[in-house]
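Each chain is listed here by its residues.
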Amino acid sequence: MESFPIDTNSDTSSDNDTLEFFEKAYNELDVLSRSKKKVVDHDHIHANEVLMKDYLVENPVYNVETFRDRFSVYQKIYF
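Because the structure is predicted, anything quoted here is derived from the model rather than measured.

## Digging into the overall build of the chain
Then step 1. A tally of regular secondary structure across the chain gives three helices and zero strands.
Then step 2. In the chain, the succession of helices and strands from N to C terminus is α-α-α.
Then step 3. Residue burial in the chain is summarised as follows: out of 79 residues, 9% are buried.
Then step 4. For the chain, restricting intrachain contacts to residue pairs at least 6 apart in sequence, the fraction spanning at least 24 positions comes to 16%.
Then step 5. Carbon and sulfur atoms form 55% of the exposed surface of the chain, whose accessible area is close to 7,400 Å².

What follows is the structure, given as structure tokens:
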């Protein structure tokens, strides 16, 4: 992890204390800004193909009633 740049040639302790304070604050914010959620890579193209094959083709796997019950909409909307 890259830390906040500090000028190590500074002669005053007050400047060093201030820089250390801001470096600590910067690093804490950097840790907090990272996402804690797991990212799931969904295969949207495959899911669309399965949906079409199961419900929205000429000879679907499931009937109109199953489609309406599962998605709470009428299949005719899609045609």
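Picking up after the structure, the text goes on.
## So, the side chain of Asp-54
Then step 1. Within the secondary structure layout, Asp-54 lies in helix 2 (residues 44-55).
Then step 2. Relative accessible area serves as the criterion here: at 13%, Asp-54 is assigned to the buried category.
Then step 3. The contact partners of Asp-54, leaving out residues within four places of it in the chain, are Pro-60, Val-61 and Tyr-62.

## So, helix 3 (residues 64-71)
Then step 1. You can read the cap of helix 3 off the contacts: a side-chain oxygen lies 3.3 Å from the backbone nitrogen of Glu-65, and it is on Asn-63.
Then step 2. Residue Ser-72 follows helix 3 closely and has a positive phi angle near 55 degrees.

## Description of the environment of Leu-51
Then step 1. Mapped onto the secondary structure, Leu-51 falls in helix 2.
Then step 2. Residue classification places Leu-51 among the partly exposed residues on the basis of a relative accessible area of 30%.
Then step 3. With near-sequence residues (within four places) excluded, Leu-51 lies in contact with Leu-56 and Phe-71.

## Notes on the confidence of the model for the chain
Then step 1. Of the residues in the chain, 67% reach a pLDDT of 70 or more, and the chain-wide mean stands at 77.
Then step 2. Considering each helix and strand of the chain separately, the mean pLDDT is smallest for helix 1 (residues 13-33), with a value of 79, and largest for helix 2, with 91.

What counts and how
- Residues numbered from 1 in each chain as written.
- Predicted model: local features only at pLDDT ≥ 70, side-chain atom pairs only at ≥ 80, totals over all residues.
- Heavy atoms only, no water.
- Helix = DSSP H or I, 4+ residues; strand = E, 2+ residues; numbered from the N terminus.
- Buried < 20%, exposed > 50% of the residue type's maximum accessible area, 1.4 Å probe, protein only.
- Contact = heavy atoms within 4.5 Å.
- Areas by Shrake-Rupley, 256 points an atom, 1.4 Å probe, with all protein chains shown as cover.
- Polar contact = N/O pair within 3.5 Å; in protein donor to acceptor, adjacent residues only side chain to side chain.
- pLDDT = per-residue confidence, 0-100.

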